[in-house]
Amino acid sequence: MYRRSFIQKSALTSLALALSPKIFSQEDPEFSVLELMGKIDIELYGKNINLREEAHDAFLEMKKAAFIDGIDIKIVSSYRNFSRQEAIWERKYSNYTIEHDMEPLKAIDKIIEYSTIPGTSRHHWGTDIDIIDGYRKTKGDVLVPEKFGEGGPFEDLKKWMDENSETYGFYLVYTNDKKRKGFKYEPWHYSYAPIAIPMLTSFRRKNILRLLQEEEFMGAEHFTKSFINTYVRNNILSINKDLL
C-alpha cells in the first residue's frame, strides 16, 4: 500500500474557503468529525435499510406509497462506514492500475466518476440510499443510468420517484443537469434532506480533509493541492441545489 500525507498544509486555507458553510436553520445541529467520516458507529434502523431513525421512518412511508402503485423500492446500498468505502476505493484503484494497466492519475479520475474518497462519502451519514425496483428483473450491474431511462427495467421507479420522493424528504443527489460537475448522473442515489442538509453544513464547517492526511490510500501520493480543491468543488458541492 502506498503511504503519504493526503494534502499539504499549504492547501488548507483554500480548502477552508471551499468548505465555507451555508446556514440551514436556526437550530442547525453539529455533527462530530468522526461521525461525518463514518469512523464511529451510529444507531441505524431497519433490516436491510440501515438509516437513521427519521430517515428510516420516512423511507418506510415512501415504500408503502410506492407499493400501492406497483413498485417495490429496494435499497441496494445505504450506510457505509469508512472502512467499507476505503475497501471500495482500493479495489477499484488496484483493478484500474493493475488489471487494466491504467496510469494512476487516470485511474483516480475514473474512480471519482462514481466513487468518493473515504471519509467524504454521503453514505457515511445514514441518510443516503441507492435504490432499484425489486419487482423488475435484470441481468448484470443494476446501478447503471440506462436501466433507469426510457425502456429500462427501472423506468417506472424513476418516474415515480420524480413525482413523489420529495414529498417524503428524499432528493436525487447527482442530477442529470448538464451544468453540474463532479460525479456522474446517478438516477438511483437519493438523500434524506432534513438530516443530510445540516450534515453537509456541518461537514463544510470542519477541516475534514486535514484529518485525511493521517490516512492511508492506494494512489494518495498522486493527490495534489489542485486535485483536492477541484474534488471539493466538483464532487462534494456540485450536487442537487436543493440539498445545499
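Preceding this section is the structure that the text describes.
Residues numbered from 1 in each chain as written. Predicted model: local features only at pLDDT ≥ 70, side-chain atom pairs only at ≥ 80, totals over all residues. Heavy atoms only, no water.

Novice: What's the story with helix 7 (residues 193-205) in this structure? I'm lost.
Specialist: Taking 1.5 Å of rise per residue, 13 residues should cover 18 Å, and helix 7 covers 18 Å from first to last C-alpha, within 8% of that figure. Counting buried residues along helix 7, 11 of its 13 residues qualify, which places the element largely inside the surrounding structure. All of the buried residues along helix 7 are Ala193, Ile195, Ala196, Ile197, Pro198, Met199, Leu200, Thr201, Ser202, Phe203 and Arg204. (Helix = DSSP H or I, 4+ residues; strand = E, 2+ residues; numbered from the N terminus. Expected span 1.5 Å × (residues − 1). Buried < 20%, exposed > 50% of the residue type's maximum accessible area, 1.4 Å probe, protein only.)

Novice: I keep staring at the environment of Lys110 and nothing clicks. Help me out?
Specialist: For Lys110, the location among the structural elements is in helix 5 (residues 104-111). On the basis of relative accessibility, which here comes to 35%, the residue Lys110 falls in the partly exposed class. Distance from Lys110 to Tyr93, taken between C-alpha atoms, is 9.0 Å for residues 17 residues apart in sequence. If near-sequence neighbours (up to four positions away) are discounted, Lys110 is found in contact with Tyr96 and Met102. (Contact = heavy atoms within 4.5 Å.)

Novice: How do you make sense of a negative patch on the surface when you look at a structure like this?
Specialist: Judged by side-chain charge, Glu43, Glu53, Glu54 and Asp57 come together as a negatively charged surface patch. Checked against the element boundaries, Glu43 lands in the loop between helix 2 (33-36) and helix 3 (53-68). Owing to a relative accessible area of 58%, Glu43 belongs among the exposed residues under this scheme. (Patch = residues over 30% accessible without salt bridge, like charges linked within 9 Å, V, L, I, M, F, W, Y side chains within 5 Å. Areas by Shrake-Rupley, 256 points an atom, 1.4 Å probe, with all protein chains shown as cover. Salt bridge = Lys/Arg side-chain N within 4 Å of Asp/Glu carboxyl O. Lys, Arg positive; Asp, Glu negative; His and termini not counted. Charge placed at Lys NZ, Arg CZ, Asp CG, Glu CD.)

Novice: What am I meant to see in empty space enclosed by the protein here?
Specialist: Empty space among the atoms becomes visible once a probe the size of a water molecule is rolled across them. Enumeration over the complete set of coordinates arrives at one cavity of 30 Å³ or more. Estimated volume of the largest cavity: approximately 70 Å³. Around the largest cavity sit Thr116, Thr120, Arg122, Trp125, Tyr174, Phe183, Leu200, Phe203, Asn235 and Ile236, which together line it. Taken together, the elements giving at least two residues each to the lining of the largest cavity come down to helix 7 and helix 9 (225-236). (1 Å grid on protein atoms, 1.4 Å probe; cavity = no way out; pocket = protein on both sides within 12 Å on 5 of 7 lines; lining within 4 Å. Points joined across faces, edges and corners; volume = space filled by probe spheres on them.)

Novice: Whenever I open this one, the sheet that holds strand 3 (residues 170-172) confuses me. Can you help?
Specialist: The strands making up a sheet associate through hydrogen bonds between their backbones, and the pairing can be parallel or antiparallel. In spatial order, the strands read 1-2-4-3; together these four strands make up an open sheet with antiparallel pairing. A strand with exactly one partner marks an edge of an open sheet, and here the two such strands are strand 1 (73-77) and strand 3. Strand after strand, the sheet turns through a mean of 45° between neighbouring axes, direction not considered. Of the pairings in the sheet, the one linking strand 1 to strand 2 (residues 128-133) comprises four bridges and is antiparallel in character. (Pairing = 2+ DSSP bridges. Axes fitted to C-alpha atoms, helices over the stretch in contact; angles between N-to-C directions.)

Novice: Which parts of the structure should I look at to understand the layout of surface pockets?
Specialist: The space that makes up the largest pocket amounts to roughly 640 Å³. Sorting elements by how many residues they give to the lining of the largest pocket places helix 4 (residues 82-99) first, with six residues. Tallied by class, residues from the lining of the largest pocket come to 11 nonpolar, seven polar and 10 charged. What lines the second largest pocket is a set of 14 residues, among which Lys47, Asn48, Ile49, Lys74 and Ile75 lie closest to the centre. Sort the elements by how many residues they give to the lining of the second largest pocket and strand 1 lands first, with five residues. Looking at the lining of the second largest pocket, its residues break down into six nonpolar, four polar and four charged. (Nonpolar A, V, L, I, M, F, W, Y, C, P; charged D, E, K, R; others polar.)

Novice: Hey, could you run me through the packing of helix 4 against helix 5 in this one?
Specialist: Where helix 4 contacts helix 5, the two axes come as close as 9 Å, and the packing angle between them is 135°. Looking at the two axes, helix 4 sits oblique to helix 5. Where helix 4 crosses over helix 5, the handedness of that crossing is right-handed. Here helix 4 contributes Trp89, Lys92, Tyr93, Tyr96 and Thr97 to the contact with helix 5, which in turn contributes Pro104, Ala107, Ile108, Lys110 and Ile111. Among the residues making up the contact of helix 4 with helix 5, the classes are represented as seven nonpolar, one polar and two charged. (Parallel < 35°, antiparallel > 145°, perpendicular 65-115°, else oblique. Left-handed = near helix turned anticlockwise from the far one by under 90°.)

Novice: Where do I start with the pattern of salt bridges in this structure?
Specialist: Opposite charge on two side chains makes pairing possible when the charged atoms of those side chains draw close. Under the defined criterion, the tally for this structure stands at 12 salt bridges. Where Asp128 meets Arg122, a salt bridge forms, and the shortest distance between an N and an O atom there is 3.0 Å. In this structure Asp128 comes out as buried when scored by relative accessible area, which is 1%. Here Arg122 falls in the buried class, since its relative accessible area comes to 5%. Here Arg136 and Asp156 are joined by a salt bridge, their closest N and O atoms 3.9 Å apart. Placement of the pair is Arg136 in the loop between strand 2 and helix 6 (155-164) and Asp156 in helix 6, with a sequence separation of 20 residues. Overall, Arg136 belongs to the partly exposed group, its relative accessible area being 30%. With relative accessibility at 40%, the residue Asp156 sits in the partly exposed group. By sharing partners, the salt bridges in this structure join Glu30, Arg205 and Lys206 into a single network.

None of the figures reported here should be taken as evidence of function without further support.
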